[in-house]
Amino acid sequence: GMDKKLMKYPIVSFDWIDSSTTHGWNDLEEADLETGMSCHSAGFLIDENEEAYMLADAIADVSARASIGDHPFHCPHAVPKVAVKNFKVLVEADS
């Protein structure tokens, strides 16, 4: 099973709307007013503040493998809370 100290982070999922952009210089006819792309994320909630959630898709017991140093989170990414819908806790964190 997973080491208890790694389960101090809950596993969550949510839907969110990503922003969209065009590239380079455009006039109004070339610019496409998109509302963004619907996305879904699930992962370890490693941090949170008033504005955003920080998710990592994997966590590691860094004490078991010195080669990765003190970097236990794989691909952490922040999602602004204003873009989030349907937030769910899938697995509670151990206390």
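Rules of the game
- Residues numbered from 1 in each chain as written.
- Predicted model: local features only at pLDDT ≥ 70, side-chain atom pairs only at ≥ 80, totals over all residues.
- Heavy atoms only, no water.
- Phe/Tyr/Trp six-rings, centres within 6.5 Å; stacked < 30°, edge-to-face > 60°.
- Helix = DSSP H or I, 4+ residues; strand = E, 2+ residues; numbered from the N terminus.
- Buried < 20%, exposed > 50% of the residue type's maximum accessible area, 1.4 Å probe, protein only.
- Lys NZ or Arg CZ within 6 Å of the ring centre and 35° of its normal.
- Core = buried A, V, L, I, M, F, W, Y, C linked by side-chain atoms within 4.5 Å.

K.L.:
Which parts of the structure should I look at to understand the packing of aromatic side chains?
P.N.:
Each aromatic ring pair is summarised here by two numbers: the centre-to-centre distance and the angle between the ring planes. Under the counting rule described, the total for this entry stands at 4 aromatic pairs. For the ring pair Phe-14 and Phe-87, a centre distance of 6.0 Å and an interplane angle of 15 degrees mean the geometry is stacked. With Phe-14 in strand S1 (residues 11–18) and Phe-87 in strand S7 (residues 84–91), this residue pair connects regions lying 73 residues apart in the sequence. Exposure remark for Phe-87: the relative accessible area of 31% places this residue in the partly exposed category. On the basis of an interplanar angle of 20 degrees and a centroid distance of 4.6 Å, the ring pair of Tyr-53 and Phe-87 is categorised as stacked. Of this pair, Tyr-53 sits in strand S3 (residues 52–56) while Phe-87 sits in strand S7, and the two are 34 residues apart along the sequence. The buried category is assigned to Tyr-53, whose relative accessible area is 12%. Site record: aromatic cluster; members linked through ring pairs are Phe-14, Tyr-53 and Phe-87. For Lys-81, the ring lying beneath its charged end belongs to Tyr-53, and the centroid distance is 4.8 Å.

K.L.:
Honestly, the nonpolar core in this entry has me stumped. Any pointers?
P.N.:
General note: in soluble globular proteins, nonpolar side chains tend to be found buried as a group. Grouped together as the largest cluster of nonpolar side chains are 9 residues: Val-12, Phe-14, Trp-16, Cys-39, Leu-45, Tyr-53, Leu-55, Val-79 and Val-84. Elements with a minimum of two residues in this core: S1, strand S2 (37–48) and S3. In terms of residue count, the dominant contributor to this core is S1 (3 residues). Listed in part, the 6 residues of the second largest apolar core include Tyr-9, Phe-44, Ala-56 and Ile-59.

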